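Inside the fold
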Amino acid sequence: MIDIQNLHFAYRKKPVFTGLSLQLQPGHIYGLLGKNGTGKSTLLRNIAGLLFPDKGKIEVLGFTPGKRQPAFLQEIFMVPEEFYLPDLPLWHLVAHHAPFYPKFNKAQFEQYIAAFDIPAGSTMQNMSYGQKKKVLISFGLASNASMLLMDEPTNGLDIMSKSQFRKVMAGALNENKCIVISTHQVKDLENLIDRITIIDEGKILFDQTTDTISRKLAFHISFDSEEVKQALYNESSLRGTAIITPNTDGEESKLDLELLYKAIVLNGAAVTAVFKD
Amino acid sequence: MTQLLDARRWWLLVGKHWSENRKKYSLSLTAIAGLLLVWLVFRMTTESDKLSGELQVTTFYSGLFIAGCLYASTLFADLGSKTRGLNYLTVPASSLEKLLCNLFFGVVVFFVCYTAIFYIADVMMIKISNAVMYNRWQKSHVVGDVFHPQEIFNVFSTPGRHDNHPGYVFYLILLYAVVQAAFIYGSVFFAKFSFIKTIIALLLIGLCMAFVINKVIAPILPPGHYQHSITSFEVYTVKKTASGDGVMIYSDATNDKLVSIPEWIGDLLLFLLKYAFAPLLWLATYYRLKEKEI
């Protein structure tokens, strides 16, 4: 679905990607994680055809994104971190934007709007940032575009809305759709993402499915100082020391995305070595 | 072809553009009407209540140039903002459709609306002016005096028109199309303050052209002048003075040489000068839009 080969991209003289390669398949929700300024949003904008690679190739659904052909644009929807929606009544907005997306489903949109508690007759002008974002997310999902790119989608959402977001997203995925979520707020998306891609210094540092991660790594709280010492990563907490260890016994543990992220950033070589076996 | 231009998609874009901008456009047209009325009232009071044909034409074209170029410089203003630009570029329509939609509003709809607004203001003011003048005429006319009401002037009538010359209004409209196209290009090219930056760019281009013509081309050319058009150049006769210490350059009807390029090349050049600039600038806008990154 998305094939990125040897992507080079720089803002003027500041290189962001120097040979990034990545393949994304339909039927998954990808979590794109990384530090500030590592190029997550830049990667999404390259995929959406808003930025053009300096070198390398990006192919999305068989299209070259940079050409911004209508057939490509109607199959991709981007929910940026900062966005613009014209000040129109909600249904006016749908009436003038939805026809551009042949697979747009109005009933679905109404369902998402209801799930997000957005008053049906409201106008964009009277909505808060969070409400507008929920409208945009609902529209993106109802567009039934094959690619949904989301940049920090939970920013600006309150606690209830984050929970609604997870619920809505989980129900929206199908085998033809690929959702890429770039975020810092890993806790918000822990149970949603089924593949984790971590970018650092313009390169892919880690790229595994959550199933593989759960099979290869164990996450638990330990009070055993020897175990803590030998862990791939440890972090003290009030409950004890949270650790990540190789999952040699096939034990089932709950994936802690935040802990995993820190482990990969601080002790990437040891963690990735576990996946090479 | 459907990826490049599709009538249905273009019409959807037109509908979307109108739904998002109708409030702004209605307010802008009201403001233009207000300014025209204020200006015409001002001129009425300073010119003994008269609104001459010349004044109507000058007002129409001055307003057209100012408002048309101001509006043109906002046509792609969305691209100057990251959030709006992203929204604009991801709308599933081709760059050509987006350009044609903006040209439709910026060139066609604006011209029609501006003309209509101008005539509404003009008709109102002419009627008021005639009423005031008639009132005054009734009080002060002597027997035999005839009242001549002022007429609404056709701003598209072409004084100076004859067989080989379409009249200056025709060239004024062509010039407007070129200048407006430059401002449309400026609205894609410059991210911020495109109106001011386009004016500066046009002034710089004008200065460069004046420099090249006067300081680079003119010294290369032999003494002479362009005759009737830029395709014919009359070279003056050069003779030595009687004392032989200098040259005397003069024009004489018998010895001057007329250098002309073939007529068809001349016609082609003139055609391009008249009609190609605006479409070329639209084409440049299209490519700039295609290459726009956010």
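Conventions adopted
Residues numbered from 1 in each chain as written. Chains lettered and ligands numbered in written order. Predicted model: local features only at pLDDT ≥ 70, side-chain atom pairs only at ≥ 80, totals over all residues. Helix = DSSP H or I, 4+ residues; strand = E, 2+ residues; numbered from the N terminus. Rg over C-alpha atoms; globule rule 2.2 N^0.38 Å. Buried ≥ 20, exposed ≤ 12 C-beta atoms within 10 Å, placed from the backbone. Contact = placed C-beta atoms within 7 Å. Pairing = 2+ DSSP bridges. Axes fitted to C-alpha atoms, helices over the stretch in contact; angles between N-to-C directions. Nonpolar A, V, L, I, M, F, W, Y, C, P; charged D, E, K, R; others polar.

1. Overview of the overall build of chain A
Scanning chain A for helices and strands turns up nine helices and 12 strands. Over its C-alpha trace chain A gives a radius of gyration of 20 Å, about what one expects of a compact globule, namely 19 Å for 277 residues. Principal-axis analysis of the C-alpha atoms gives chain A an extent of 65 × 45 × 35 Å. Residues classed as buried in chain A amount to 41% of the 277 residues present.

2. Brief notes about the overall build of chain B
The helix and strand tally for chain B stands at eight helices and five strands. Buried residues in chain B amount to 22% of all 294 residues. The contacts of chain B with a sequence gap of at least 6 include a subset with a gap of at least 24, amounting to 69%.

3. Observations regarding the sheet that holds strand β12 (residues 240-246) of chain A
Residue and element names in this part refer to chain A. Within the open sheet, the three strands sit side by side as β10-β12-β11. Their pairing is antiparallel. Each of the sheet's edge strands pairs with one partner strand only, and the pair in question is β10 (217-222) and β11 (233-237). If you compare each strand with its neighbour and ignore which way they point, the axes differ by 20 degrees on average. Both β11 and β12 contribute to a ladder of five bridges, which runs antiparallel. Counterpart to S236 in the pairing with β12 is T241. Along the sheet, helix α9 (residues 257-276) makes contact with β10, β11 and β12, crossing β11 at roughly 155 degrees.

4. Regarding the interface of chain B and chain A
Each partner contributes residues to the interface: chain B has 21 residues there, and chain A has 24 residues. Elements that contribute at least two residues to the side of chain B that touches chain A include exactly α1 (7-46) and α3 (82-89) of chain B. Split by residue class, the side of chain B that touches chain A holds seven nonpolar, eight polar and six charged.

So, to be careful, I would describe these as geometric facts and stop short of saying anything about function.
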